[in-house]
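# Observations on chain architecture
The residues making up each chain are set out below.
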Amino acid sequence: IAQPKQYQRLFLKDEIRPDGRAMTGCREVKIHVNTVSSALGSAMVCCGNTRVIAGIKGRFAEPTINNPNSGYLIPNMILPMTCNTKYKPGFPADVGVAMSNKLETLITDVTDLMELCIVPGKVVWSLNLDVVCINDDGNVLDAAVLAMSAALNNTWLPATHVIEETGRVVVDPEGEKSRLELKFIPIAVTLSVFDDETLPDPSEDEEKIQSGSITCCIDDQSKIRALWSSANLNDDVISAALLYVQKRASVLLSVLRKVSKTHDTVLCYSYLTILHNIRCQYDMLCTVLRTPRPTGNKSWNCVMDWLGWAAKFETTTEEFLSALNPFSIEL
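Quick look at the structure, then. From a predicted model like this one, the values you see are computed outputs, not experimental measurements. (Residues numbered from 1 in each chain as written. Predicted model: local features only at pLDDT ≥ 70, side-chain atom pairs only at ≥ 80, totals over all residues. Heavy atoms only, no water.)

## So, the overall build of the protein
- Per the secondary structure count, the protein includes 8 helices and 14 strands.
- In the protein, buried positions account for 45% of the 331 residues.
- In the protein, of all internal contacts separated by at least 6 residues, the share reaching a separation of at least 24 is 69%.
- Total accessible area computed for the protein in this model is approximately 17,700 Å², and 51% of it derives from carbon and sulfur atoms. (Helix = DSSP H or I, 4+ residues; strand = E, 2+ residues; numbered from the N terminus. Buried < 20%, exposed > 50% of the residue type's maximum accessible area, 1.4 Å probe, protein only. Contact = heavy atoms within 4.5 Å. Areas by Shrake-Rupley, 256 points an atom, 1.4 Å probe, with all protein chains shown as cover.)

## With respect to the nonpolar core
- Ranked by size, the top nonpolar core spans 60 residues in total, and within it Met-77 and Leu-127 carry the most contacts.
- The next biggest cluster of nonpolar side chains, apart from the first, holds 7 residues, and it includes Val-36, Cys-46, Ile-53 and Ile-78. (Core = buried A, V, L, I, M, F, W, Y, C linked by side-chain atoms within 4.5 Å.)

## Topic: helix α2 (residues 94-106)
- Across its 13 residues, α2 extends 19 Å between first and last C-alpha, which sits within 8% of the 18 Å expected from 1.5 Å per residue.
- Every buried residue of α2 is listed here: Gly-96, Met-99, Ser-100, Leu-103 and Leu-106. Viewed along the axis of α2, the buried residues span an arc of 120°, placing them on a single side of the element.
- Contact partners of the buried residues in α2: β4 (72-78), β6 (123-135), α3 (140-153), β13 (212-219) and β14 (224-229). (Expected span 1.5 Å × (residues − 1). Arc of directions from axis to C-beta.)

## What about the sheet that holds strand β11 (residues 186-194)?
- The sheet built from 4 strands is open, its strands ordered β12-β11-β13-β14 with antiparallel pairing. Each of the sheet's edge strands pairs with one partner strand only, and the pair in question is β12 (197-200) and β14. On average, each strand axis in the sheet is inclined to that of its neighbour by 20°, with strand direction left out of account.
- Both β11 and β13 contribute to a ladder of 8 bridges, which runs antiparallel. Residue pairing for β13: Leu-191 is matched across the bridge by Ile-214.
- Across the sheet, helix α1 (residues 4-12) lies against β11 and β12, angled at about 105° from β11, the strand it touches most. (Pairing = 2+ DSSP bridges. Axes fitted to C-alpha atoms, helices over the stretch in contact; angles between N-to-C directions.)

## Comments concerning the packing of aromatic side chains
- For the structure on display, the rule yields 2 aromatic pairs.
- A ring pair is formed by Tyr-7 and Phe-11, whose centres lie 4.9 Å apart and whose planes are at 65°; its orientation type is edge-to-face. With Tyr-7 and Phe-11 both in helix α1 and 4 residues apart, this pair spans about one turn of that helix.
- Taking the relative accessible area as the measure of exposure, Tyr-7 reaches 34% and is therefore partly exposed.
- The ring of Phe-184 carries the charged tip of Arg-225 above its face, separated from the ring centre by 3.6 Å. (Phe/Tyr/Trp six-rings, centres within 6.5 Å; stacked < 30°, edge-to-face > 60°. Lys NZ or Arg CZ within 6 Å of the ring centre and 35° of its normal.)

## Things to note about the pattern of salt bridges
- Inspection of the entire model under this criterion finds 12 salt bridges.
- Among the salt bridges present, the one from Asp-130 reaches Lys-57, with a minimum N-O distance of 3.4 Å. Pair noted here: Asp-130 is in strand β6 and Lys-57 is in strand β3 (residues 50-61), with a separation of 73 residues, a long-range link.
- Residue Asp-219 pairs with Arg-225 through a salt bridge whose shortest N-O separation is 3.0 Å.
- With relative accessibility at 27%, the residue Arg-225 sits in the partly exposed group.
- Residues participating in the shared-partner salt-bridge network are Arg-17, Asp-19, Arg-21, Arg-27, Asp-137, Asp-201 and Glu-206. (Salt bridge = Lys/Arg side-chain N within 4 Å of Asp/Glu carboxyl O.)

## With respect to the pairing of β13
- Among the 8 residues in β13, 8 count as buried, and that is most of the element.
- Bridge count for β13 against β14 is 5 bridges, and the pairing is antiparallel. Paired with Ile-218 across the strands is Ile-224, a residue of β14.
- Hairpin geometry of β13 and β14 is characterised by an intervening segment of 4 residues between the two adjacent antiparallel strands and by a positive phi of about 65° at Ser-222.

## Side note on the side chain of Thr-190
- Residue placement: Thr-190 occurs in strand β11.
- For Thr-190, a relative accessible area of 6% corresponds to the buried category.
- There is a polar contact of 2.8 Å between the side chain of Thr-190 and the side chain of Thr-215.
- The contacts of Thr-190, once residues within four sequence positions are left out, are Asn-139, Asp-142, Leu-199, Pro-200, Asp-201, Pro-202, Ser-213, Ile-214 and Thr-215. (Polar contact = N/O pair within 3.5 Å; in protein donor to acceptor, adjacent residues only side chain to side chain.)

As structure tokens, this is what we get:
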């Protein structure tokens, strides 16, 4: 489009957006929990064509001296170059680092870290929350927060056992798992500012021409947890935006609670099967090009390696999801 702003104004003049939505309309949201069977908790969120997956992996760690009875909850936002051409390979994008900091702000008090203590002063749980963007078609932050909340709300910690002879802590596969208790569930709602209009759930095209945005994070107790704005807005606009945020957040929370109760596992396929498919595709590329496959046995390194190769050969997001989906489930 030669003049995207003029194109946008032509639609907004008739109180409709270029993708056919109403002025306050949002894209369809789908939440799938337990998408990675090997994770302690996981979820995939589809917001239109934007897709984000969150997974929580746990390991034993030593607590800090200042907090000997507190565990760790560490978020990390990953924006690979295959999710959008605006992201480049190499070091994490600045927007990814900024999103990681925002996620960390939201989950600072989401749970009692003392509940993650196994052996006081010696061993605690360290939970790594990885949020990966599969496809970026706008409003990734809202999808990331929703996926993070859904994953945390469906996290179960395995039972542990201390070996008396060695004092070593091991996982007890026959023990009863304990659910991660949350103090609140955060939800993020973003509105794009264009001219004098505020448009919720902006698409990628709308983000490119927006003059700013406002993101409000609210929890299930209607308490505002964070407010980020990159536009100069008057009090009336902010008040109207906050009123809309409360309504939108209640809708998203109802969807999240419904999914958690029904234990939607439509995408619950084996993570090992996923890695096997990725390795097969990866090895095939190396065989065709007669190049040695880089060493590295860590599963996540294998996934990220394959992502790089997929981008090099112009593998589309749909082809990538198809490779991840051995049962050809309609996403």
